[in-house]
Structures are given as structure tokens and as C-alpha cells.
2 protein chains.
Amino acid sequence: MITTANIKNGVNVDQLVGTINAVQENPSLANFEFRAKNNWIDGGHCVTSIKDYYGVGEEHPSREGDFTLEADHVEVLLGKDQAPNPAEIVLHALGSCLTGAMAYHAAANGIEIEGMESRLTGDVDLHGFLGLDPEVRKGFNGINVKFKVKSDASEDQLRALSQFSPVFDMLTKPTPVTIEFEK
Amino acid sequence: MITTANIKNGVNVDQLVGTINAVQENPSLANFEFRAKNNWIDGGHCVTSIKDYYGVGEEHPSREGDFTLEADHVEVLLGKDQAPNPAEIVLHALGSCLTGAMAYHAAANGIEIEGMESRLTGDVDLHGFLGLDPEVRKGFNGINVKFKVKSDASEDQLRALSQFSPVFDMLTKPTPVTIEFEK
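Novice: For this particular structure, what's the right way to read the overall build of chain A?
Specialist: When helices and strands are counted, chain A shows four helices and 10 strands. Mapped from its N terminus to its C terminus, chain A presents α and β elements in the order β-β-α-β-β-β-β-β-α-β-β-α-α-β. Structurally, chain A occupies a C-alpha span of about 65 × 40 × 30 Å along its principal axes. Counting across all 183 residues of chain A, residues that qualify as buried make up 55%. Within chain A, contacts between residues at least 6 apart in sequence are counted, and of these 48% link residues at least 24 apart.

Novice: Looking at this model, I keep getting lost on the packing of aromatic side chains. Mind explaining?
Specialist: Aromatic rings considered in pairs are described by the distance between their centres and by the relative angle of their planes. Enumeration over the complete set of coordinates arrives at 10 aromatic pairs over all chains. Here the aromatic rings of Tyr-104 of chain A and Phe-129 of chain B are separated by 6.3 Å at their centres, their planes lie at 65 degrees, and the arrangement is edge-to-face. Taken together, the positions of Tyr-104 of chain A in helix α2 (residues 86-108) and Phe-129 of chain B in the loop between β8 (113-125) and β9 (142-151) put the pair across two chains. With relative accessibility at 6%, the residue Tyr-104 of chain A sits in the buried group. Taking the centre distance of 5.7 Å and the plane angle of 20 degrees together, the rings of Phe-147 of chain A and Phe-181 of chain B count as stacked. With Phe-147 of chain A in strand β9 (residues 142-151) and Phe-181 of chain B in strand β10 (residues 177-182), this pair bridges two chains. Every member of this aromatic cluster is reached through a ring pair, and the members are Phe-32, Phe-34 and Tyr-53 of chain A.

Novice: I keep staring at the pairing of strand β8 (residues 113-125) of chain A and nothing clicks. Help me out?
Specialist: A regular strand carries its side chains on alternate faces of the sheet. Judged from the 10 bridges that link them, β8 of chain A and β9 of chain A form a sheet pairing that is antiparallel. Looking at the pairing, Glu-117 of chain A lines up with Lys-148 of chain A of β9 of chain A.

Novice: Explain the interface of chain B and chain A here, please?
Specialist: As a measure of interface size, the accessible area lost when the parts come together is often cited. The partner chain A presents 125 residues to the 125 residues of chain B that form the contact. Taking both sides of the interface into account, the surface hidden between chain B and chain A amounts to around 11300 Å²; carbon and sulfur atoms contribute 64%. Per-residue buried area on chain B facing chain A is highest for Phe-34, Trp-40 and Phe-181 of chain B; these three make up 8% of the total on that side. Linking chain B with chain A are 10 salt bridges, by the criterion used here. Note that Arg-63 of chain A and Glu-88 of chain B form a salt bridge whose closest N and O atoms lie 2.8 Å from each other. Here chain B is connected to chain A by 60 residue pairs in polar contact (both at pLDDT 80 or more). Grouping the constituent residues of the side of chain B that touches chain A by class yields 61 nonpolar, 40 polar and 24 charged. Pairing between strand β10 (residues 177-182) of chain A and β9 of chain B: six bridges, direction parallel. Residue Phe-181 of chain A lies in a different strand from β9 of chain B, and its bridge partner there is Phe-147 of chain B.

Novice: Looking at this structure, how should I read the relation of the copies chain B and chain A?
Specialist: In this arrangement, two copies of a chain are superimposed by a rotation about an axis accompanied by a shift along the axis. The operation relating chain B to chain A is a screw motion whose rotation component is 180 degrees, with 0.0 Å of axial translation and a residual RMSD of 0.0 Å. The superposition of one copy onto the other is thereby described by a two-fold rotation axis.

Novice: Quick question: what am I supposed to make of the environment of Asn-141 of chain B here?
Specialist: Within the secondary structure, Asn-141 of chain B is located in the loop between β8 and β9. A relative accessible area of 34% means that Asn-141 of chain B is categorised as partly exposed. Separated by 15 residues in sequence, Asn-141 of chain B and Leu-126 of chain B place their C-alpha atoms 11 Å apart. Excluding its chain neighbours within four sequence positions, the residues that come into contact with Asn-141 of chain B are Pro-176 of chain A together with Asp-123, Val-124 and Asp-125 of chain B.

Novice: Would you explain the confidence of the model for chain A in this entry?
Specialist: Low-pLDDT stretches of the model should not have their predicted coordinates read in fine detail. Scored by pLDDT, chain A comes out at a mean of 95, with 98% of its residues at no less than 70. The ipTM value of the predicted complex is 0.97, and its pTM value is 0.97.

Novice: Help me out: how do you make sense of the packing of α2 of chain A against helix α3 (residues 155-162) of chain A in this one?
Specialist: In a packed pair of helices, the relevant descriptors are the angle between the two axes and the axis-to-axis distance. Residues and elements named next belong to chain A. Packing of α2 against α3 brings their axes to within 8 Å, and their N-to-C directions diverge by 110 degrees. Looking at the two axes, α2 sits roughly perpendicular to α3. Of the two possible hands of crossing, α2 and α3 adopt the one that is right-handed. In this structure, α2 uses Leu-98, Ala-101, Met-102, His-105 and Ala-106 to contact α3, whose residues at the interface are Leu-158, Leu-161 and Ser-162.

Novice: Is there a simple way to think about the nonpolar core in this case?
Specialist: Within soluble globular proteins, side chains that are nonpolar generally end up buried alongside one another. In terms of nonpolar packing, the biggest core is built from 111 residues, with Leu-94 of chain A together with Leu-94 of chain B touching the most fellow members. Discounting chain neighbours no more than four positions away, the residues touching Leu-94 of chain B are Val-177 of chain A together with Leu-120, Ile-143, Val-145, Val-167, Phe-168 and Leu-171 of chain B.

Procedures and definitions
- Residues numbered from 1 in each chain as written.
- Chains lettered and ligands numbered in written order.
- Predicted model: local features only at pLDDT ≥ 70, side-chain atom pairs only at ≥ 80, totals over all residues.
- Heavy atoms only, no water.
- Helix = DSSP H or I, 4+ residues; strand = E, 2+ residues; numbered from the N terminus.
- Buried < 20%, exposed > 50% of the residue type's maximum accessible area, 1.4 Å probe, protein only.
- Contact = heavy atoms within 4.5 Å.
- Phe/Tyr/Trp six-rings, centres within 6.5 Å; stacked < 30°, edge-to-face > 60°.
- Pairing = 2+ DSSP bridges.
- Buried area = accessible area lost by both parts, 1.4 Å probe.
- Salt bridge = Lys/Arg side-chain N within 4 Å of Asp/Glu carboxyl O.
- Polar contact = N/O pair within 3.5 Å; in protein donor to acceptor, adjacent residues only side chain to side chain.
- Nonpolar A, V, L, I, M, F, W, Y, C, P; charged D, E, K, R; others polar.
- Least-squares fit on C-alpha atoms with pLDDT ≥ 70 in both.
- pLDDT = per-residue confidence, 0-100.
- Axes fitted to C-alpha atoms, helices over the stretch in contact; angles between N-to-C directions.
- Parallel < 35°, antiparallel > 145°, perpendicular 65-115°, else oblique.
- Left-handed = near helix turned anticlockwise from the far one by under 90°.
- Core = buried A, V, L, I, M, F, W, Y, C linked by side-chain atoms within 4.5 Å.

Listed below in C-alpha cells is the structure:
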């Protein structure tokens, strides 16, 4: 008998169900730690390397090629605009995470998605960052995401799928951040 | 008379003071909108393009070369690991933002920084994302940042500088995210 993999939205549904079953049998497999190392270059210009992580009960010491990502600032904010700025990188993280979460959870629910694109905007008032008004927040006042999704799913279904996004959760609910300074 | 630019930590302090003065004279210059466009490829693999933005009272229609960034998932989470995952991208955004904010605000306060590096970790329990336990959050339970900063500044001073980071603000305090589905 020839069997073919059960793929939906580019997600191997058999593997996804297998992962869910494995986590239900052994809950500690669900603990992951992701990591990044950032090195300052100058001004707002820096570079991040992303290599190892911990997950499904073991260390994953490195990945083929590892990843190197830069950040900089736009020229009107005194940067050299050699890379996206951290606020734009947040939009990239959010858009990617919503999209991936929708593809995975649609697949798990038998919903086919043919195409997805999104436009993200975030507005900020620099009175916060510049320290000119303590009442103004330093980050985005809000982020708007406009999705175009090619699917038979209803808007309510798509919205429910999007709510599984970890980055959406991290932004909309407080995420504790501890900062230590080592000698 | 020959004058040289007043550069500290790679930041042009004269321009920084000029920006602060300009915003104080014309508060609307402080309004920025950053943007990103995300296109799904398949599964958790997608690509973001970052081009235009609005700021200091005008549109900036594109930048030299624009920026293209990918996201994917690690193989144990059914991806092909062709790019960092969205959670790792959040660590990149946070590390870059803290570092840039410290460099800028140190410069504005006459504090010299010779070097900075940071290691970021974020821990997540997949029971949240997989929908296995509604009590478990989908994003990072917490993020830890370990900084090594070469500077005469005290730890208290460095910590105060770091608190100006917009991405630190976006993660630690709720950021409203609205999602629209267009036809």
C-alpha cells in the first residue's frame, strides 16, 4: 500500500497530531527556550545571531548556517538605515507569527488556506522615547493588521485561528522582561 | 574656524539635541508610522518586506534597497528552519532596541559606552500554542536579558537608560493590536 503524507496549508497534519499526542503523554516536551545574542556596532546599529535552542527535551546546539540579523535606525532618527529598525522588526515578528499560527491551526481543523497576505502599521509618538512627556508611551500606541486570506473559512473562524499566535499574545498581554547587568 | 561633529557612542549629539528642540517647537513632528507587508509562502514560512514609513511630517516612500526578512519554524515544530522563528525575531527586536536606546540616551547624557553585548532567552510552554491548556499563555512566559556593558556608568544608570526602549515598553505593557480581514 502506498501512503502519502497528509499535508494541508504546507503543514504535515500527521506530524502535528503526533506532536500534540506526544506533548499530552509527556508534558515536559512542551518546554522550549529560544535564544539570541546581540552585539552593538555603534549608535542604533547592532547585529543579532540566532543559533541554538532547547525544546522537546533536548538541546539543539546549532542549525545549518545559523542566522544573523541586523538592526539600525532611519536617517531622520540619526541612523544610517542599513537595516530595519526594532519597531519594524516587531511588525515582522507579529505578521509572521499570526500567519504561521493561522496556517497551523487551520490545518489542524481541516480548513484549507490558499493564500494569505497582511499589511501591518504601528504608530508611535516620539515624545515618549525622547523623554519629553512621561505620559506618552515609548512603544507603539497601537498596531493594525489588515489581512487578505484566500479561504472558504469565515471571518470569525480566521479571527479565532489568529488568536493562537504567541507574538500576538506577547504584545497584547504583559510579558515580564528581566534585565541583568554583568561585569 | 573648523568645527567637528559632536559624536558620542556613534550618535551625533548635536543632531539629537536638534531633533529634541524641533519636536518641542512642533509636536506633530514626533508622529511616526512604521509599516510592513507580510506574504505567506507555506506552513510557518513567510516573507516580510519593509519599505516606506511616515515621520517628521512627511512620507518617506522607500529606502535604498528596502528590506526583505523571512521567518520559518524549527524542524521539531514542523518547519524547514530556513529563517528564525517569530519568537526569536522578538528577541532580536528587543535586544536591538534596548541597545540602541541605551546608546542614544547615554549620548544625550554625556555617558560614554565603549562596548555592549547581550544574551536574550525566552521560555515558552507549547501547551498554550497547541491549545492543550487555556491557562497556559501562548507567548513567552518571560524574557531574560543579560547585558555586558563596557562603560564607567553605574548599573542604576544603565538600567535607567534601558527603560527608554520602545520594544521593552511594547512587551511589558499591553500594546493594542487590531486585526481586520478584508475581502
